[in-house]
Amino acid sequence: MNPNIQEIASKAVPINGSGESEPSKAGFRSVEPALTEEKLARFAARAAAYDRENRFFQEDFDELRAAKYLLLPVPVEFGGAGMTLAEVCREQRRLAYNAPATALAVNMHLYWVGIAADLWSRGDHSLEWILREAAAGEIFAAGHAETGNDIPVLLSTSKAERVDGGYQFTGRKHFGSLTPVWTRFGLHGMDTSDPTQPKIVHAFMPRDTAGYVIKETWDVLGMRATRSDDTALENAFIPDRYIARIVPAGGAGIDPFVLGVFAWALMGFGNIYYGLAKRALDVTINSVKAKGSLGLSRSMAYHPEIQHAIADMVIELDSIGPHLEAVAQDWSNGVDHGAQWPSKIFSAKYHAVEGSWRVVDLGLDVTGGSGIFRSAGYERLLRDARLGRIHPANSFLTHEVVAKTALGISLDEQPRWG
């Protein structure tokens, strides 16, 4: 396994003052909800129109910005709420329950800010500028997805070339959520100037940079309001002050920054789809209670197989929530899982999105024909839920990482497939 991961984890310190592996009262602060129920209801009311029109969630975004939701992880010293990963995940569940696409897009900004906040709290101030810029109103997006790259973040099909004063990046990035509003585009590329020791260069590209074009490609199955268009880079120059990390390619490059990307991005994904699935369960329950049955002479809630299906949905969700909470809380408390951290993060995300998909899919069986009409809103939940399984780490990569970790095999072991 990669020894540097063990070293990284052993040096970690608690973010909220508790190093206990089991959540204690000290590990759970009493935090006021970031969004009122009234705001969440407005977001829920707008979600269908955003989806139908394939339109960015501009009104939601403006309200979130005004409520300082985008500053949840930013330390209090910089004007934020100082929330830990676990606390932010709980807020994201609430938002996703009402507006999944809004929560998913915002996650891309929150995870960059969360990484910078974690590093700062642990004494690494190299990304303090992210905290200051976020507090000043800059919006951070993510550019990791690339065609042909099934190991995102650790490898790249984009080229990073060292030039005087910084790096030039060339390549094409997909799924760039927040396209209409981002001002800092987080991306990575591979520096192969030394073929024997390729490096991954992580950087943030300001919006006014020359050498990139946004391709409006976002017309997709679900999560349409994220407006995750492509960004094509052609010798886009990013100065050294916006170069966040230069690390070895592959698993050897999992330093605290990269591990933080995994933790904040994937735990965010998991909680978003969990929140979506909880909404699907509630919609399903309300539907069967309101639906009559000639064979039963009362509502479909009394049908034995309907009850069986509802039970399956509840049981699935009952296992997802504690799993996500435990991993996020351990991360927030600085628990030392050593080289197990990537496996734990990947498996929690996988469990959440796969289980949430099963819940939502089963809910359509229970809801019946009414669920396929757009006016009911359920088919949008179904389309949105399906995208969770595509987000990194997908099923294939998750099984590879979890199995290699359990077997004590390096993540970089070749050949990857028999």
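Residues numbered from 1 in each chain as written. Predicted model: local features only at pLDDT ≥ 70, side-chain atom pairs only at ≥ 80, totals over all residues. Heavy atoms only, no water.

**Student:** Account for the overall build of the chain, with residues named and values stated.
**Tutor:** Scanning the chain from N- to C-terminus turns up eleven helices and ten strands. Computed over its C-alpha atoms, the radius of gyration of the chain comes to 22 Å, within 12% of the 22 Å expected for a compact globule of 418 residues. In terms of its C-alpha atoms, the chain occupies a principal-axis envelope of roughly 75 × 50 × 45 Å. The buried share among the 418 residues of the chain stands at 57%. Counted over contacts in the chain with a minimum sequence separation of 6, partners at least 24 positions apart contribute 74%. Total accessible area computed for the chain in this model is approximately 17300 Å², and 55% of it derives from carbon and sulfur atoms. In the chain, 42 positive and 50 negative side-chain charges are present, and the distance between their average locations comes to 4 Å. (Helix = DSSP H or I, 4+ residues; strand = E, 2+ residues; numbered from the N terminus. Rg over C-alpha atoms; globule rule 2.2 N^0.38 Å. Buried < 20%, exposed > 50% of the residue type's maximum accessible area, 1.4 Å probe, protein only. Contact = heavy atoms within 4.5 Å. Areas by Shrake-Rupley, 256 points an atom, 1.4 Å probe, with all protein chains shown as cover. Lys, Arg positive; Asp, Glu negative; His and termini not counted. Charge placed at Lys NZ, Arg CZ, Asp CG, Glu CD.)

**Student:** An account of the packing of aromatic side chains is requested, with residue identities and associated values reported.
**Tutor:** Under the criterion given, the structure shown has 17 aromatic pairs. With a centroid separation of 4.4 Å and 45° between ring planes, the pair formed by Phe56 and Phe57 is classed as tilted. Looking at Phe56, the relative accessible area reads 6%, which means it is buried. The ring of Tyr302 has Arg298 sitting right over it, with the charged end atom 4.0 Å from the ring centre. (Phe/Tyr/Trp six-rings, centres within 6.5 Å; stacked < 30°, edge-to-face > 60°. Lys NZ or Arg CZ within 6 Å of the ring centre and 35° of its normal.)

**Student:** Any chance you could break down the side chain of Glu354 for me, citing the residues and the numbers?
**Tutor:** Looking at the element boundaries, Glu354 is found in helix H9 (residues 341-367). Judged by its relative accessible area of 9%, Glu354 falls in the buried class. When residues no more than four places from it in sequence are discounted, the contact partners of Glu354 are Arg389 and Ser395.

**Student:** Could you give an account of the packing of helix H2 (residues 37-53) against helix H4 (residues 85-98), naming the residues involved and the relevant values?
**Tutor:** Running from amino to carboxyl end, H2 crosses H4 at an angle of 40°, the nearest separation of the two axes being 8 Å. By the angle class used here, H2 and H4 are oblique. Across the interface between the two elements, Glu37, Leu40, Phe43, Ala44 and Ala47 of H2 pack against Arg94, Leu95 and Asn98 of H4. Its residues assigned to classes, the contact of H2 with H4 comprises five nonpolar, one polar and two charged. (Axes fitted to C-alpha atoms, helices over the stretch in contact; angles between N-to-C directions. Parallel < 35°, antiparallel > 145°, perpendicular 65-115°, else oblique. Nonpolar A, V, L, I, M, F, W, Y, C, P; charged D, E, K, R; others polar.)

**Student:** Residue-level account of the pattern of salt bridges, with values.
**Tutor:** Enumeration over the complete set of coordinates arrives at 27 salt bridges. Of the charged contacts in the structure, one is a salt bridge between Asp60 and Arg46, with a shortest N-O distance of 2.7 Å. Taken as a pair, Asp60 in helix H3 (residues 58-66) and Arg46 in helix H2 lie far apart in primary sequence, 14 residues in all. Of the charged contacts, one joins Arg383 and Glu379 as a salt bridge, the two residues approaching to 2.8 Å between their closest N and O atoms. Separated by four residues within a single helix, Arg383 and Glu379 lie in helix H10 (residues 378-386), roughly one turn from each other. Under the relative-accessibility criterion, Glu379 is labelled buried at 13%. Where salt bridges share partners, they join Asp51, Asp219, Arg224, Glu379 and Arg383 into one cluster. (Salt bridge = Lys/Arg side-chain N within 4 Å of Asp/Glu carboxyl O.)

**Student:** How would you sum up the nonpolar core? Please name residues and give values.
**Tutor:** The biggest cluster of nonpolar side chains holds 125 residues, and the ones touching the most others in it are Phe57, Phe169 and Ile345. Of all the elements, helix H7 (residues 256-290) adds the most residues to this core, at 19 residues. (Core = buried A, V, L, I, M, F, W, Y, C linked by side-chain atoms within 4.5 Å.)

**Student:** Before we move on, can you summarise the confidence of the model for the chain with the specific residues and values?
**Tutor:** Per-residue confidence for the chain gives a mean pLDDT of 93, with 93% of residues at or over 70. Here residues 10-26 is a poorly scored stretch, pLDDT under 50, and it has 34 contacts once near neighbours within four places are set aside; other chains count. (pLDDT = per-residue confidence, 0-100.)

**Student:** Run through unusual backbone geometry, naming residues and quoting values.
**Tutor:** Most peptide bonds adopt trans geometry, and most residues besides glycine take a negative phi value. The omega angle of the peptide bond from Pro392 to Ala393 is -5°, so this bond is cis rather than trans. Take Ala393: it is sitting in the loop between H10 and helix H11 (395-407). With an omega dihedral of -5°, the bond running from Gln414 to Pro415 counts as a cis peptide bond. The topology assignment puts Pro415 in the segment after H11. Positive phi values are uncommon outside glycine, yet Lys68 reaches one of about 60°. Positionally, Lys68 belongs in the loop between H3 and H4. Positive phi values are uncommon outside glycine, yet Leu178 reaches one of about 75°. Within the secondary structure, Leu178 sits in the loop between strand S3 (166-176) and strand S4 (184-191). Judged by its relative accessible area of 1%, Leu178 is buried.

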